[in-house]
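Examining the three-dimensional arrangement
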Amino acid sequence: MRKIGLIGGMSWASTEIYYRHINMAVQKRAGGMCSGPIVMESHNFCDLSRLDTPEQWRHASKILSESAKRLEQVGATAILICANSMHKVYDDVADAVSLPIIHIADCVGEKMQADGIKRAALIGTRNVMTEGFYRQRLVRHGIKLIPPNMERVEELDRIIYEELMLGQATRDAERTLKTFLTNIEKEDVEAVVLGCTELEMIVNTKANVLPIYDGTKIHADAAVEWILGEG
């Protein structure tokens, strides 16, 4: 098996999902007592949350790039950034090391393209929903995205930062997301992308009329394929 590196702690709740999913999938596919060879840097999210200014993003880029270098030094053969929003600094991190950085939006886009999805909605944090660093990756795979609804953007951003990233999954948040997904279904889309690693805490991806592409699971599946030499 090949060793995978995880840059996590953004938030710890979603990093736990990655770790659990990767190991459960490796065990299921390899059998017995097998688990994934993983090295991880888990950050203090107080230093990396709610970034707004160019200076703050340069700081984040430096922190993640240094993490990637350390993971490379201890034997990682590929790396995952375990947060959608932090892919804003993906290019800087990729330039800092010689090993592959597996991009979450490319993993999602490739799966949607293979499934024949042409038009979708993207939900997540404010920067994921409104900026180009994630949306453009999906567009390159032939996915047309509907424009973000700003009222929805603000409420999703609040739920993610004030509840989910603290490990809190409330019934109110579940109902809000169910309402959002019901309304999105009316907007002539074929699927919804969960562009926040914490959203699976309150979205049942198998209980919706529209197909739900859970970026966390798809990204973690790509890590499993890499570990097992299939990616």
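First, a word on scope: everything that follows refers to the structure included in this document. Since this is a predicted model, take the numbers as computed values, not measurements.

1. Considerations on the overall build of the protein
Looking only at helices and strands, one finds 9 helices and 8 strands in the protein. Along the longest, intermediate and shortest principal axes, the C-alpha atoms of the protein span 50 × 45 × 35 Å. A burial count over the protein gives 52% of its 231 residues as buried. Expressed as a percentage of contacts within the protein between residues at least 6 apart in sequence, the contacts between residues at least 24 apart total 74%. Element-wise, carbon and sulfur atoms account for 49% of the exposed surface of the protein, whose accessible area totals about 10,700 Å². The average position of the 27 basic charges and that of the 32 acidic charges among the side chains of the protein differ by 3 Å.

2. Here we look at empty space enclosed by the protein
In this structure the tally under the stated criterion is 2 cavities of 30 Å³ or more. Looking at the largest cavity, its volume works out to about 60 Å³. If you trace the largest cavity, you find it lined by Ala121, Leu122, Ile123, Met129, Arg135, Ile146, Pro147, Pro148, Asn149, Arg152 and Ile184. Here the element with the most residues in the lining of the largest cavity is strand 5 (residues 119-124); it accounts for 3 residues. When the residues that make up the lining of the largest cavity are grouped by side-chain class, the tally is 8 nonpolar, 1 polar and 2 charged.

3. Side note on the nonpolar core
Within the largest apolar cluster, 47 residues are counted, with the highest numbers of intra-cluster contacts made by Met10, Leu64, Ile81, Met86, Ile123 and Leu199. Elements represented by at least two residues in this core include exactly helix 2 (54-73), strand 3 (78-81), helix 3 (90-96), strand 5, helix 7 (150-162), helix 8 (171-185) and strand 7 (191-195). Once residues lying within four places of it in the same chain are set aside, the contact partners of Met10 are Thr15, Phe45, Leu48, Leu64, Ile81, Cys82, Ala83, Met86, Thr197 and Glu198. Formed by 35 residues, the second largest nonpolar core is a distinct cluster that contains Leu6, Ile102, Tyr213 and Ala222.

4. Let's talk about the sheet that holds strand 3
Here we have 4 strands laid out as an open sheet, ordered 2-1-3-4, and parallel in their pairing. If you trace the sheet from one side to the other, it starts and ends with strand 2 (38-42) and strand 4 (101-102), each paired once. Sheet topology note: the strand 1 (residues 4-8)/strand 3 ladder contains 4 bridges and is parallel. Counterpart to Leu6 in the pairing with strand 3 is Leu80. Helix 1 (residues 12-30) rests against strand 1, strand 2 and strand 3 of the sheet, and its axis sits at about 175 degrees to strand 2. This element, helix 2, spans strand 1, strand 2 and strand 3 of the sheet and lies at about 155 degrees to strand 1.

5. Quick word on unusual backbone geometry
Residue Ser11 is reached from Met10 by a cis peptide bond, and omega for that bond is 10 degrees. Not every positive phi belongs to a glycine, and Asp188 is a case in point at roughly 60 degrees. As for its position among the elements, Asp188 is in the loop between helix 8 and strand 7. For Asp188, a relative accessible area of 59% corresponds to the exposed category.

6. Quick word on the sheet that holds strand 7
The strand order across the open sheet built from 4 strands is 6-5-7-8, with neighbouring strands paired in parallel fashion. Edge positions in the sheet fall to strand 6 (144-145) and strand 8 (212-214), since each of these pairs with one other strand and no more. Pairing geometry for strand 7 and strand 8, over 3 bridges, is parallel. Its bridge partner being in strand 8, Val192 is matched across the sheet by Ile212. The strands touched by helix 9 (residues 215-227) within the sheet are strand 7 and strand 8, with strand 8 carrying the most contacts at an inclination of about 50 degrees.

Rules behind the numbers
- Residues numbered from 1 in each chain as written.
- Predicted model: local features only at pLDDT ≥ 70, side-chain atom pairs only at ≥ 80, totals over all residues.
- Heavy atoms only, no water.
- Helix = DSSP H or I, 4+ residues; strand = E, 2+ residues; numbered from the N terminus.
- Buried < 20%, exposed > 50% of the residue type's maximum accessible area, 1.4 Å probe, protein only.
- Contact = heavy atoms within 4.5 Å.
- Areas by Shrake-Rupley, 256 points an atom, 1.4 Å probe, with all protein chains shown as cover.
- Lys, Arg positive; Asp, Glu negative; His and termini not counted.
- Charge placed at Lys NZ, Arg CZ, Asp CG, Glu CD.
- 1 Å grid on protein atoms, 1.4 Å probe; cavity = no way out; pocket = protein on both sides within 12 Å on 5 of 7 lines; lining within 4 Å.
- Points joined across faces, edges and corners; volume = space filled by probe spheres on them.
- Nonpolar A, V, L, I, M, F, W, Y, C, P; charged D, E, K, R; others polar.
- Core = buried A, V, L, I, M, F, W, Y, C linked by side-chain atoms within 4.5 Å.
- Pairing = 2+ DSSP bridges.
- Axes fitted to C-alpha atoms, helices over the stretch in contact; angles between N-to-C directions.

Read these as geometric descriptors, not functional statements.
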